[in-house]
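Spelled out, the chains give:
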Amino acid sequence: MSHLTIAQQGLDAVEAKRWNEAVGKLSTAIKVSTNPAWLLARSKALVKVGLFEPALDDASLAWLKAHERNQRPLMRDAHYRRAVAYFRMGKLADADCCCVYAMRLIKGSPAVEDEDPKTKWTDEHGLWTATLEEAMEESRTDDFNRLGSSAGKGSPRVHGAPMPPPEGPEWRLASALRMQALRTMGTLPEDDPRRKVTASQVPVRTLLKKLGVDDGTQAGTQTIPKETPPLRLQDFQNNSAIYLSIFSKGVDKEKLKVKFLSSAIHLDAVVYPNGEEKDFRLELWDGIVPTASKYVVTPNKIELTLAKRTPGKWPQIRKEEDTGKANMPQPFEVKKPSSHAANGESSSTATKETPSSTEPVPPESSKPTSSGLAYPSSSRTGPKDWDKIGADEPDDEERDVNFFFKKLYKNATPEQQRAMAKSFTESSGTSLSTDWEDVKGRKVATVPPEGVEEKKWE
C-alpha cells in the first residue's frame, strides 16, 4: 500500500477522532516522507492520547519542513500546535509565546523576524511579562480581528465595508488560547517556573536531541539562522506539461542559464527575496523531455514549460525528500491501529482542535486543506488535490481548466464575480480579473497569446 494512501487514512482517522489509529497510520507514512501536514496531524493526535512532548517535537519539525517549502499557512499552524502542546505540558509562557508567533504570521510578519518578538515580553530573568488584560485589549481593538488586514482599496467589500480575510478565525483561535494561558499564569507566583519562556521563533527539536539524533539544529540555542529565504513557486499542470513560475525579481535574462535535465531543472543564477543572487535547483517528481522544455524571463518571475516524459498527472512537482531518518526509532509507543477502509492517495492539512473536556481550545470550523502541490501552490486556502480531481473529472486539459475556473467563480464574492465576467467577456477570454475597482471604468483589451493574431469576425 502506498505511503500516500496510508497517510490519507491517518488524516481520516484524525477527522473521525480515532487518535491511536491516526498516530499509527501517520507514523508509517512519516517514515517515508516528513510531510509537514502529516506531522501536524500526528501532533494533534499525540496531544489527544496524552503524549505532549512528542506532539511538541512533531509541531517543531513541521515548522522547519514548512519553512523549507515556504508554506506560511503550515508554519502558522505549526506555531499553534506548539502552543497547544506547551499548554498541555503546563508551560504557560511558552504557550502564549507560540500564540504570538502564530498571530504575527497570520498578519503578514516575516516567518523569521530580525528580532524575536518574544523579547518585548521577556524580562532580564527570562520571565514572561505579558498579561491577560493586554491580550483582551488586543482582541477587542485590533483592526485585523475586527475588520481584517486586507481592508484597503480594491479589497473585497460588502455594502461598502471591508470583508475580513479568511485567516480571521485562525487569529481569534490563537488569541483565545493566549487568554487561557495568561489567565492561568495570572494565578501563579511571580517566580513560578511556568512563567519562564524557553520557546524560540525557530523551533528546537529537543526530543530528538535526547535520542541522540542530529537534525541540524543546536539544542538549547535561541540563535535565529540567517539562511537565504526560499523562492516562491507556483505551478499548474495538464497531462503533457508542467507550467512552473519561479518568482524572482530583477533576473538578468542575458546572464541567466537554464538547464533542463532528465528529472531536474537548474538555474544559474536567480535573485532570492533577500537580494542574494545564486543558483536554484529543483528535483522533479518525474522525468521531463529537456529538448521540448522552454522558459521565458519577465521582470518579476521566470516561467518554465516542462514537457512530461510520461503523460499523466503528477501528485506534486517536487521530488519527495529523503530525510535519512526512515528507520529512526519513534519516540513513543502506540496501540495497534484498527482497520480503516478509506481510499485515495492525497494528503491534506491537519484539522485543528474541537472542544472537549481535556483540550484547552475553543471551537472552530474544521477546514482541511491539501498538502499536495497544485495551482496555485501559494493559495491561502490550500492547493487543489489533482489526484482527487482527476478521479472525478474527464482526463483532458480543457475540462480541468473549466473545473478550476467554475470553482473560482463559485467561491468569489458578487463584486469579484462581476469583475470576472466583465474582464473575460470584453477581452474575448484572454484576461481574467477579480478586481472590480480596476476594470469597472475601462474596457478590458484583448491580449492574444504570443504568436497568435487577434481577428474580429463580422
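What you see is a predicted model; the values in this text were computed from it and never measured. (Residues numbered from 1 in each chain as written. Predicted model: local features only at pLDDT ≥ 70, side-chain atom pairs only at ≥ 80, totals over all residues. Heavy atoms only, no water.)

What follows deals with the overall build of the protein chain. In terms of helices and strands, the protein chain carries 14 helices and nine strands. Looking at the 458 residues of the protein chain, the share that counts as buried comes to 47%. In the protein chain, once contacts between residues fewer than 6 apart in sequence are set aside, the share between residues at least 24 apart is 60%. Accessible area for the protein chain stands at about 23,300 Å²; split by element, carbon and sulfur atoms hold 51% of it. (Helix = DSSP H or I, 4+ residues; strand = E, 2+ residues; numbered from the N terminus. Buried < 20%, exposed > 50% of the residue type's maximum accessible area, 1.4 Å probe, protein only. Contact = heavy atoms within 4.5 Å. Areas by Shrake-Rupley, 256 points an atom, 1.4 Å probe, with all protein chains shown as cover.)

Turning our attention to unusual backbone geometry. A cis geometry characterises the amide bond from D268 onward to A269, with omega recorded as -5°. Mapping A269 onto the fold places it in strand 6 (residues 264–271). In the Ramachandran plot, N70 falls in the positive-phi region, its phi being about 55° despite a non-glycine side chain. As for its position among the elements, N70 is in the loop between helix 4 (52–68) and helix 5 (72–89). The class for N70 is partly exposed, based on a relative accessible area of 27%.

As a further point, take the pairing of strand 7 (residues 277–283). Note: strand 6 against strand 7, six bridges, orientation antiparallel. Its bridge partner being in strand 7, A264 is matched across the sheet by E283. Counting the residues between successive antiparallel strands, the hairpin from strand 6 to strand 7 contains five residues, one of them, G275, with a positive phi of roughly 90°. (Pairing = 2+ DSSP bridges.)

The share of residues in the protein chain with pLDDT of 70 or more is 68%, and the mean pLDDT across the chain is 75. Ranking the helices and strands of the protein chain by mean pLDDT puts helix 3 (residues 36–48) first, with 94, and strand 1 (residues 157–158) last, with 42. Here residues 148–164 is modelled with pLDDT under 50, and outside its nearest four sequence neighbours on either side it reaches 27 contacts, counting other chains as well. Within the model, pLDDT remains below 50 along residues 386–400, and this stretch shows 24 contacts once partners closer than five positions in the same chain are excluded. (pLDDT = per-residue confidence, 0-100.)

Further remarks concern the packing of aromatic side chains. For the coordinates displayed, the defined rule picks out three aromatic pairs. Considering the side-chain rings of F236 and Y243, the 6.5 Å spacing of their centres and the 25° angle between planes classify their relative orientation as stacked. Looking at Y243, the relative accessible area reads 33%, which means it is partly exposed. A centroid spacing of 6.4 Å and a plane angle of 45° characterise the contact between F260 and Y295, whose relative ring orientation is tilted. In this pair, F260 is assigned in strand 5 (residues 257–260) and Y295 in strand 8 (residues 294–297), connecting sequence segments 35 residues apart. Here Y295 falls in the partly exposed class, since its relative accessible area comes to 32%. When the ring centre of W121 is taken as origin, the NZ or CZ atom of R178, which lies over that ring, is 5.8 Å away. (Phe/Tyr/Trp six-rings, centres within 6.5 Å; stacked < 30°, edge-to-face > 60°. Lys NZ or Arg CZ within 6 Å of the ring centre and 35° of its normal.)

For helix 5, with 18 residues, the first-to-last C-alpha span of 26 Å sits near the 26 Å given by 1.5 Å per residue. Phi turns positive, to about 85°, at G90, one or two residues after helix 5. (Expected span 1.5 Å × (residues − 1).)

Under the counting rule described, the total for this entry stands at 13 salt bridges. Between D192 and R194 there is a salt bridge, with the nearest N and O atoms lying 3.1 Å from each other. Its relative accessible area of 39% is what places R194 among the partly exposed residues. Residues participating in the shared-partner salt-bridge network are D96, E138 and R178. (Salt bridge = Lys/Arg side-chain N within 4 Å of Asp/Glu carboxyl O.)

Here helix 3 crosses helix 5 at 20°, and the two axes come no closer than 10 Å. One finds that helix 3 runs roughly parallel with respect to helix 5. For the pair helix 3 and helix 5, the crossing hand works out as left-handed. Facing helix 3, whose interface residues are P36, A37, L40, S43, K44 and V47, helix 5 presents L74, D77, A78, R81, V84, A85 and R88. (Axes fitted to C-alpha atoms, helices over the stretch in contact; angles between N-to-C directions. Parallel < 35°, antiparallel > 145°, perpendicular 65-115°, else oblique. Left-handed = near helix turned anticlockwise from the far one by under 90°.)

Our focus in this paragraph is the environment of I302. Take I302: it is sitting in strand 9 (residues 301–307). Counting along the chain gives 56 residues from I302 to I246, while the straight-line C-alpha distance between them is 5.1 Å. Those residues in contact with I302 that lie beyond four places of it in its chain are L244, S245, I246, V251, L256, L267, V270, Y295, V296 and V297.

Attention now goes to the environment of D279. Take D279: it is sitting in strand 7. Looking at D279, the relative accessible area reads 37%, which means it is partly exposed. In sequence terms D279 and H266 are 13 residues apart; their C-alpha atoms lie 7.3 Å from each other. A distance of 3.3 Å separates the side chain of D279 from the side chain of H266, its partner in a polar contact. (Polar contact = N/O pair within 3.5 Å; in protein donor to acceptor, adjacent residues only side chain to side chain.)

Before going further, it helps to spend a moment on the nonpolar core. Among the nonpolar cores identified, the biggest contains 65 residues, and L26, W38, W63, W128, L177, L182 and M185 are the most heavily contacted of them. For this core, the secondary structure elements donating two or more residues are helix 1 (3–15), helix 2 (19–30), helix 3, helix 4, helix 5, helix 6 (92–106), helix 7 (132–141) and helix 9 (168–185). Here the element with the most residues in this core is helix 6; it accounts for eleven residues. Ignoring sequence-local partners within four residues, the contact set of W128 consists of A93, D96, C97, K118, W121, T122, L182, M185, R195 and V197. (Core = buried A, V, L, I, M, F, W, Y, C linked by side-chain atoms within 4.5 Å.)

Below, the discussion takes up the sheet that holds strand 5. Reading across the sheet, the three strands line up as 5-6-7 and stay open at both edges, with antiparallel pairing between neighbours. The sheet is open, and its two borders are formed by strand 5 and strand 7, each paired with just one other strand. Mean inter-strand twist for the sheet, computed between neighbouring axes without regard to direction, equals 15°. By the bridge criterion, four bridges tie strand 5 to strand 6 in an arrangement that is antiparallel. What sits directly across from V258, in strand 6, is L267.

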